[in-house]
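The residues making up each chain are set out below.
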Amino acid sequence: MRKLTLILSIILFTFSLKSQNSSERIIAGNEGLHIGGYGQIDFNLKQRDGSIHENGKLDVHRFVTFFGYNFNEKTSFVAEVEMEHVVELYVEQAFLNYDLLDNLSLNAGLMLIPMGIQNLYHEPPTFNGVERTNVDKYIIPTTWREMGIGLSGRSNAYALNYQLMAVNGFNGYSDESGRFSGKSGLRGGRQKGAESYITYPDFSARVSYYGIQGLTLGGSIYIGDSETEAYSGLDLSNENSVASADSTIIGINMIGVDARYKKGATQIRGQYIVATLDNTNQYNSKTGKDLGSKIMGYYTEIGYNLLHNRDSEEELIAFVRYENYDTHAEVDSEMIRNDAYNRTEVTFGLGWKFAKGAMLKADYQMLSNESSPDEYTGQFNFGTAIWF
Amino acid sequence: MQFRNLAKASFFILGVFVFYSFSTTWHPSNKDWKKIEKSIGYLINSNIFETVKINNIEGLDPSIQFFQIKESKNIKGYFAIAKAPSKFKRFDFVAFFSVDGDLKKLQILKYREDWGYEICNKRWLEQFTYLNNQSSSKVQIQSISGATISVDSLCAYVDMIRKKLNNFLTQKSIDY
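Model, not experiment: these values are computed from the prediction.

**Student:** Lay out the pairing of strand 4 (residues 88-101) of chain A in plain terms, naming residues and giving numbers.
**Tutor:** All names here are of chain A. In the sheet, strand 3 (residues 75-84) pairs with strand 4 via 10 bridges, with the strands oriented antiparallel. Within the sheet, the bridge partner assigned to Val78 lies in strand 4 and is Phe95. Two successive antiparallel strands, strand 3 and strand 4, enclose a turn made up of 3 residues, where His85 displays a positive phi of approximately 50 degrees. Pairing of strand 4 with strand 5 (residues 104-112), which is carried by 7 bridges, proceeds in the antiparallel orientation. Residue pairing in the sheet places Ala94 in a bridge with Leu110 of strand 5.

**Student:** Pulling in residues and values, what's your account of empty space enclosed by the protein?
**Tutor:** In the structure shown here, the tally under the stated rule is 3 cavities of 30 Å³ or more. The calculated volume of the largest cavity comes to roughly 190 Å³. Along the walls of the largest cavity sit 19 residues, with Leu112, Leu120 and Gln163 of chain A together with Asp114 and Trp115 of chain B positioned nearest its centre. Elements that contribute at least two residues to the lining of the largest cavity include exactly strand 4, strand 5, strand 6 (145-155), strand 7 (160-167) and strand 10 (202-209) of chain A. Sort the elements by how many residues they give to the lining of the largest cavity and strand 7 of chain A lands first, with 4 residues. Looking at side-chain class alone, the lining of the largest cavity contains 10 nonpolar, 7 polar and 2 charged residues. A volume near 100 Å³ is recorded for the second largest cavity. As for the second largest cavity, its lining consists of 13 residues, of which Trp387 of chain A together with Lys87, Trp115, Gly146 and Ile149 of chain B are closest to the centre.

**Student:** Any chance you could break down the sheet that holds strand 12 (residues 227-228) of chain A for me, citing the residues and the numbers?
**Tutor:** Residue and element names in this part refer to chain A. The strand order across the open sheet built from 3 strands is 9-8-12, with neighbouring strands paired in mixed fashion. Every other strand in the sheet has two partners, leaving strand 9 (177-178) and strand 12 as the edge strands with one partner each. The pairing of strand 8 (residues 171-174) with strand 9 spans 2 bridges and is classified as antiparallel. Paired with Tyr173 across the bridge in strand 9 is Gly178.

**Student:** I'd love a proper account of the side chain of Asp202 of chain A, names of residues and values included.
**Tutor:** Residues and elements named next belong to chain A. Among the structural elements, Asp202 can be located in strand 10. Of the side chains with opposite charge, Arg190 lies nearest to the buried Asp202, which makes no salt bridge, at 14 Å. Excluding its chain neighbours within four sequence positions, the residues that come into contact with Asp202 are Met165, Ala166, Val167, Gly169, Tyr222, Ile223, Gly224, Asp225 and Glu227.

**Student:** Can you explain the pairing of strand 13 (residues 251-263) of chain A? Please cite residues and give values.
**Tutor:** All names here are of chain A. Strand direction decides the pairing type here: strand 11 (residues 215-225) and strand 13, joined by 11 bridges, are antiparallel. Residue pairing across strands places Ile223 opposite Asn253, the latter belonging to strand 13. Relative to strand 14 (residues 266-278), strand 13 runs antiparallel, the two being bridged by 13 bridges. Paired with Met254 across the bridge in strand 14 is Ala275.

So, how was this worked out
- Residues numbered from 1 in each chain as written.
- Chains lettered and ligands numbered in written order.
- Predicted model: local features only at pLDDT ≥ 70, side-chain atom pairs only at ≥ 80, totals over all residues.
- Heavy atoms only, no water.
- Pairing = 2+ DSSP bridges.
- Helix = DSSP H or I, 4+ residues; strand = E, 2+ residues; numbered from the N terminus.
- 1 Å grid on protein atoms, 1.4 Å probe; cavity = no way out; pocket = protein on both sides within 12 Å on 5 of 7 lines; lining within 4 Å.
- Points joined across faces, edges and corners; volume = space filled by probe spheres on them.
- Nonpolar A, V, L, I, M, F, W, Y, C, P; charged D, E, K, R; others polar.
- Buried < 20%, exposed > 50% of the residue type's maximum accessible area, 1.4 Å probe, protein only.
- Lys, Arg positive; Asp, Glu negative; His and termini not counted.
- Salt bridge = Lys/Arg side-chain N within 4 Å of Asp/Glu carboxyl O.
- Contact = heavy atoms within 4.5 Å.

Listed below in structure tokens is the structure:
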């Protein structure tokens, strides 16, 4: 009987949701609890290299459920729980938000570092192409989230939105080995809120300007040092030990600018990110790594909605993107640049958004690097993208 | 047994939230009310007017409230204040209408989060004053990358407000 009551309750609740159209669901909203999600399921097929065969890869790349709870009008909690490749479980965001003023909020917890476009806006239907851009993956590196405290604010009069935060830095050295690398830059050092540690806080800020219709301009900065386990239990009076521990720390100064523009059927976006890394000579000597002293990347993309003039919410977006990123843009004097880390990608494809938050994507990528600039590897990608 | 208890508790908590969200109305702050009055003065070209809440619009969500703008007992227009959902929170906005029910101005009073704030752009909001009634706002409005939820929400609310006001004006069943 109890089971029957429970099943009936679930059916009634489900029916009550389904009986609303999308507008009614928005109007109804829910003051307290918000539940949603996004995900992407991908198929990647690399082109054969001569007679060398490559298998295709099918992957539930990521599925994220997000929860927001408003305790009252001023206080809320936001969390995103992510499953990657079916078996990896992460918390992508988990922070408390308190509105100090109508246009100023205090945030504390695991937060996205406000750098570039896709680290903040990475729901798959919001970007073109099956996969995220590799500038965001290898230079920023998305999804970059760390523990900290910050302020976010808005000024409607000046059409500005801004964020400031103090967070823990990358884990640059643990288990007596370096976490950074020449190929992947800083990516291996993300702590992701999993028993993170900190010596001194790093600082990050972003300003967005939205005063021109259709255009959003962003500027981001990140300043700080990487963290090192070599400092745990370190005797600060022992100069040799301190010098040895210091050689496992990287100074990081990253800046980024980005723009998104949409008018009629046309959409354009671009991004440039550069980071100078200090102390790489000592770091590489200590860890045997080949980390560059400067990493940079940029992309520019144009898209066109082929269904723009139809009286429909459907979109069919054709796009092309040019992307270059180099994790050895500069190296210290005792190293030689690895041209294979200077990578260029041309991506073109289609995205069919046939329902709000549901999209099919297909694209072809031409992947090359400066070690053999006249050659490229082709890759076909197909994927589903959802957001609800 | 534990699952059943958990499920029951979840439905009870959900029920409380749903009841709470449908049973409360809201009021703009004094500061926001002054913004509304300033916009009315500009739209009707007069600073001498009164606002009267319209209580007899049927089926209206408590997050939306309608008012009449009167000047010396003459109706000069209408406006609606609403609290619409963005990604996690709600934003407050006001929609001003002529005496014939044409949308004259849309104004965001408060936006409370870091996603979707681009909808506060005044020029982007101006698009709503050129909408036709043939299709939904969502189809006619320029979408904004990174602000999908807030754009959809505002469009749904504007469509709902226009529909309710037009029904009200057609029926002429005003009861103050």
